[in-house]
Amino acid sequence: MSRLFNLMLHNFSKMILFPLYIGIVIVLSLLLYVIFREKKWIKYIPSITSIVVGIIIAIPALINFTDESGLKLAWIAIVVCASGFIGLFFSWIIALIESIIKNYKEIKD
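So, a few notes on the structure that sits alongside this text. All of these numbers come straight from a predicted model, not from anything done at the bench.

A short note on the packing of helix 2 (residues 12–35) against helix 4 (residues 68–108)
Okay, so step 1: For the pair helix 2 and helix 4, the least separation of the axes is 9 Å and the interaxial angle reads 35°. Crossing handedness for the pair helix 2 and helix 4: right-handed. Note on element contacts: helix 4 touches helix 2 through W75, V79, V80, A82, S83, I86, G87, F90, S91, I94 and E98, opposite K14, L17, F18, Y21, I22, V25, I26, S29, L30 and Y33.
Okay, so step 2: Of the residues assigned to the contact of helix 2 with helix 4, the class counts are 15 nonpolar, four polar and two charged.

Things to note about helix 3 (residues 45–63)
Okay, so step 1: Look at helix 3: 28 Å from first C-alpha to last across 19 residues, which is about the 27 Å you get at 1.5 Å a residue.
Okay, so step 2: Every buried residue of helix 3 is listed here: P46, S47, S50, I51, G54 and A61.
Okay, so step 3: The inward-facing, buried residues of helix 3 abut helix 2 and helix 4.

Some details on the packing of helix 3 against helix 4
When two helices pack together, their arrangement is given by the angle between their axes and by how far apart the axes lie.
Okay, so step 1: It is the contact of helix 3 with helix 4, at a shortest axis distance of 8 Å, that shows an interaxial angle of 160°. Put simply, helix 3 runs roughly antiparallel to helix 4. Between helix 3 and helix 4 lies a crossing of left-handed hand.
Okay, so step 2: Residues belonging to the contact of helix 3 with helix 4 are distributed by class as follows: 16 nonpolar, eight polar and no charged.

A closer look at the side chain of S91
Okay, so step 1: Note on placement: S91 falls in helix 4.
Okay, so step 2: On the accessibility criterion, S91 (0% relative accessible area) is buried.
Okay, so step 3: Each residue touching S91, except ones within four places of it in the same chain, is listed here: S29, K43, Y44 and S47.

So, how was this worked out
Residues numbered from 1 in each chain as written. Predicted model: local features only at pLDDT ≥ 70, side-chain atom pairs only at ≥ 80, totals over all residues. Heavy atoms only, no water. Axes fitted to C-alpha atoms, helices over the stretch in contact; angles between N-to-C directions. Helix = DSSP H or I, 4+ residues; strand = E, 2+ residues; numbered from the N terminus. Left-handed = near helix turned anticlockwise from the far one by under 90°. Contact = heavy atoms within 4.5 Å. Nonpolar A, V, L, I, M, F, W, Y, C, P; charged D, E, K, R; others polar. Expected span 1.5 Å × (residues − 1). Buried < 20%, exposed > 50% of the residue type's maximum accessible area, 1.4 Å probe, protein only. Parallel < 35°, antiparallel > 145°, perpendicular 65-115°, else oblique.

Okay, structure coming up:
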């Protein structure tokens, strides 16, 4: 058990990167949604960009997977892609809530 805590303490800077990057993608998606409300597809740009960048980073990571640099790149690719997918899901939830509100207003009127 102490080895697990030591491992977590040793890699804390890497672990804090994941929620931080998720927060950045979500905040960017939300800001783009608020600023460009008429163009509904713009809120997906940070998420899609993050996924594409993660895939681009994953290619050299897979080629050099057994090296230390390949493992570091694989970790970065996983964080960036996962954050992109979470941001994409968040943007989809924004669109879903917006359509529910729109339908509710149409039914109410």
